[in-house]
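Per-entry structural report
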Amino acid sequence: MFNKYILRSVICCGILVSASACTKFLERDPLSQASEATYWKTENDALVGLNAVYTALPDARDFWRDCESDNSAMTNAWGELGLGYISMGNQNAATGYLFEEWGYDQIRKCLYFLERLRGMSLDQNKKDRFEAEARFILGMKYLRMVQHFGNIPLIKESPVAIDESALPRANKEEVLAYALENAQFAIDHLPVRFTGSDLGRVNKAAAYMLKANIYLYQASMKQFHEGATAVDLWRQAYESAAEVQKMGYSLVDDYAEVFKQANNGITTEVILARQYVEDRITNMTPVLASPSGTGITGNGWASFCPTRDLVDSYLCADGKDIHQSVSYDPANPWEKRDLRLKKTFMLPGVPVLRPNGQYVAYQPHPAYNKSEKINSEGGGITGYMYLKFNEPEYAKPSEGFANWPIYRYAEVLLIVAEALNEFRPGDTQIKAAVDQVRKRAGLPVITTPELANQSLMRQLIREERRHEFVAEHKRYFDILRWKIAEDVLNKPAEGINSNEKDAIGDWTKPRFLAQKRVFDKSKHYLWPIPQSVIDRNQNLLPQNPGW
């Protein structure tokens, strides 16, 4: 499979350090210094270079980044160079974490490959395909940088070191136009599916999803931030996603199965994923998602914790929220709820696997004095933890290898629904798309009066996106583009009820405070350009507003 090939390329390029049998390759010049005389001659040379470009795709570290939103809280906000500061409003232009998204090293990697590929004598179809894969990654990277920083320098076609270029910032619409060009090239030159050893590569469906997401972002910014009509942009987002509906993808029956290691590369739902390989290319998600004393090893860091607001936002099985449903029982709050709730989280009172092989209730309240108690080492800060991307029975939780889903068919359906609801409300395709997602979650289908109410449908679709993509780092971008971050991130992140004698799900009782949060709408919709970058290039001024 492709993940084995990308593994070889990653190791050989020095991107990951590992014992490997790439002796012949390691005797050559590094890719970044390779001359025409020593490299870039054969199809295999091109393939190795292309696989190195794949390391610029989003990866399992996006699980960590969901704490930038109202979904999750980072136990040690100062860790990872200040990742947890984003949702707290404590970041500034000197925050080291900003460089994780200021990705011009990855832009240069893509452009370097494209420049070298142009000079190679290869079968033209294969050459076009390699170029299309790289251009997709280039376009995706530019979209993500625009989402964070707004106007940014645009480097295209020839690699330039950003620190040496003295380039000014281009208007973000120019950057996104270039991203769209790259997405379209990928659409035109990629197959609908890859199979065999190429399984896992960027395909035509992924390219359409990139195009859909670019238009989704543009439409949202135009409508919700500028107050202008965006009919054509919403239509383009819909039409791009609708193309993927023709390609044979479908939702799997069990939501939890999508995120299991055993299902890498074999589900009908995943369109594109970052590839992981057992014991060779791994991630730390399971240990980060687990509290101490749980799982077959008992090892857990409880680094990222779902918020009370997120847990309480899951609907009851009758389609109503916990404040309105007569079936909601504060003493048994996890019953008769959206099926994704129990599949996504460790919840107080629900049995979890322990190192002795037994399933014992997860009890994070300090009164129980268990190893998972909140505000202790390995206990987290909210009293809720993750099952999604976490396999408690796995004996090496610091070496998880579940593929990281970048695009899933559920997102296709919800883009179709969201875009249609904005430019053609009431269309029955909206109901058909949302119903597929809701049925899997055990929720009622959309009613005719709901479909006819554009504002209500907008809210229902947004709720589905929140619950469907928990911990996949889509919520942060959503609350920014919808311009609701100023509402949802100006509330404290809270946890379980502080009095253990109160009913677990009684929202009227006092709760533990996990984090205070601030979102300044005058500046936090964009991140600041890193100060050290501005120090080297004054042409990047003016800084983003408020910074």
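The following paragraphs examine the structure supplied in this document. (Residues numbered from 1 in each chain as written. Predicted model: local features only at pLDDT ≥ 70, side-chain atom pairs only at ≥ 80, totals over all residues. Heavy atoms only, no water.)

**Considering helix α19 (residues 454–468)**
Given a rise of 1.5 Å per residue, 15 residues ought to cover 21 Å, and the 21 Å separating the end C-alpha atoms of α19 matches this to within 8%. Within α19, the full set of buried residues consists of Met457, Leu460, Ile461, Arg462, Glu464, Arg465, Arg466, His467 and Glu468. With a side-chain oxygen lying 3.2 Å from the backbone nitrogen of Ser455, the N-terminal cap of α19 falls on Asn453. (Helix = DSSP H or I, 4+ residues; strand = E, 2+ residues; numbered from the N terminus. Expected span 1.5 Å × (residues − 1). Buried < 20%, exposed > 50% of the residue type's maximum accessible area, 1.4 Å probe, protein only. Polar contact = N/O pair within 3.5 Å; in protein donor to acceptor, adjacent residues only side chain to side chain.)

**Structural notes on the packing of aromatic side chains**
Under the definition given, this model contains 26 aromatic pairs. Relative to Trp507, the ring of Tyr328 has its centre 6.0 Å away and its plane inclined at 40 degrees; by these criteria the two rings are tilted. Placement of Tyr328 in the loop between α14 (308–313) and α15 (340–344) and of Trp507 in the loop between β9 (493–497) and β10 (511–515) is noted, with a sequence separation of 179 residues between them. A network of ring pairs unites the aromatic residues Phe63, Trp64, Tyr255, Phe259, Phe304, Tyr314, Phe345, Tyr386, Phe389 and Trp404 as a single cluster. Sitting over the ring of Phe185, Arg135 keeps its end group 5.7 Å from the ring centre. (Phe/Tyr/Trp six-rings, centres within 6.5 Å; stacked < 30°, edge-to-face > 60°. Lys NZ or Arg CZ within 6 Å of the ring centre and 35° of its normal.)

**Some words on the environment of Lys246**
With respect to the helices and strands, the residue Lys246 is situated in the loop between α12 (231–244) and β2 (270–274). On the basis of relative accessible area, Lys246 is assigned to the exposed category, the value being 62%. Separated by 247 residues in the primary sequence, Lys246 and Ala493 have C-alpha atoms spaced 41 Å apart.

**Describing the pairing of strand β8 (residues 404–408)**
On any regular strand, side chains alternate: one points to one face of the sheet, the next to the other face. Counting buried positions over the 5 residues of β8 gives 5, a clear majority of the element. Of the strand pairs in this sheet, β2 and β8 are connected by 4 bridges, and their pairing is antiparallel. Paired with Ala273 across the two strands is Pro405, which belongs to β8. (Pairing = 2+ DSSP bridges.)

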